[in-house]
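# Chains, contacts and geometry: an overview
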Amino acid sequence: MFEQFIPNLWVQRSAWFDINVGIFVSQNQALLIDPGISADEVDAMHQFALKKGWDIIGIYLTHWHWDHILGPERLPNVPIYAPPYYDEVFEPEKHDRTLIALTNWEKEAGISRETPFVIPQPDRIFANHDTLIVGNAELQIVHTPGHCKGQAALFERESGLLWSGDNLIDYELPFVFHSCDAFIENLENLKTLDIHALVPGHGASTQDQAEINVRFSNSLTYLHDLKALVKQALADGLSGTETIARGLEQMPITNPEALRPHQINIGQTYLEFGGEAGAEKLGW
Ligand SMILES: [Zn+2]
């Protein structure tokens, strides 16, 4: 069910998966953001927009991870807009891993499909600081690497809306698929924006200023601690496995579901700062 989060934005949390999908509207023009996640939900989203009398002018994909790219196949004539470096998904390894992750999820969820999934090919890949026009509103493309290199948030200055992609989620930790250093830089940059309404890719949205500040400080504290941990471990000559063990002691995690992402974050960051994987499988 779509709820009006701020005057220009409707948001729905999928019933299948904890992900936010959105419709940004201005002057009856509608931009779909990360539409998904099941075929039924995408079709319902389409019907919802039609009933409102909105003209769907495009789909914006915040990044190429499988859970954010499922909408376009149900909306074949709608232009697809993508963030900087979206193209990296077509590198063979990333391409195959994306399809495997989707197949595994669909199997677990009991979703079957008649035709194989094809990763959407965008009509336009934006550059950082480009502007996406919807009606008389301007959405700024803000490149946000760290979780994924090919990721960008949307920021509307007028309302202070930030659709952040997989940044500033209210989980216990950020998921560092790409780079700890880039993630820190990205959040420091987002912090300079005048944000009044935050919609992350997953978890709860908020217009509470104190909550927005807490999300920044929690994520940044985690990332700085992660970096310091790994740098010290490398200076001490620790292996990846030893670094993970030390990390679990020095950066304890309370939510059992966050334990595995935490371990993988440590492995990923160990590789980022020059550690050798050796025989171990480290990182995402
Ligand atoms: Zn995501």
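In the block above lies the structure referred to throughout.
Cut-offs used in this document
Residues numbered from 1 in each chain as written. Predicted model: local features only at pLDDT ≥ 70, side-chain atom pairs only at ≥ 80, totals over all residues. Heavy atoms only, no water. Donors = N, O, S within 2.8 Å, 3.2 Å for Na, K, Ca; no water. Helix = DSSP H or I, 4+ residues; strand = E, 2+ residues; numbered from the N terminus. Expected span 1.5 Å × (residues − 1). Buried < 20%, exposed > 50% of the residue type's maximum accessible area, 1.4 Å probe, protein only. Arc of directions from axis to C-beta.

The coordination sphere of the zinc ion contains the protein donors His-68 (NE2), Asp-166 (OD) and His-202 (NE2), at a distance range of 2.0 to 2.1 Å. The motif formed by the donor residues of the zinc ion, counted along the single chain, is H-x97-D-x35-H. Separated by 36 residues along the polypeptide, Asp-166 in the loop between strand 11 (161-165) and helix 3 (180-191) and His-202 in the loop between strand 12 (197-200) and helix 4 (209-235) bring together distant segments of the chain.

Under the 1.5 Å per step criterion, the end-to-end length of helix 2 (residues 92-109) is 26 Å for 18 residues, consistent within 8% with the ideal 26 Å. Those residues of helix 2 that fall on the buried side of the exposure criterion are Thr-98, Leu-102, Trp-105 and Glu-106. Relative to the axis of helix 2, the buried residues are bounded by an arc of 100° and lie together on one face. Away from its buried face by more than 90 degrees, helix 2 exposes Pro-92, Glu-93, Lys-107 and Glu-108. Positive backbone phi, at 75°, marks Gly-110, one or two positions downstream of helix 2.

Here we come to unusual backbone geometry. The omega torsion across Gly-36 and Ile-37 is 5°, close enough to zero to call that bond cis. If you trace the backbone, Ile-37 turns up in the loop between strand 4 (29-33) and helix 1 (39-52). Its identity is not glycine, yet Asp-34 carries a phi of approximately 45°, on the positive side. By the secondary structure assignment, Asp-34 is in the loop between strand 4 and helix 1. Residue class for Asp-34 comes out buried when judged on its relative accessible area of 0%.

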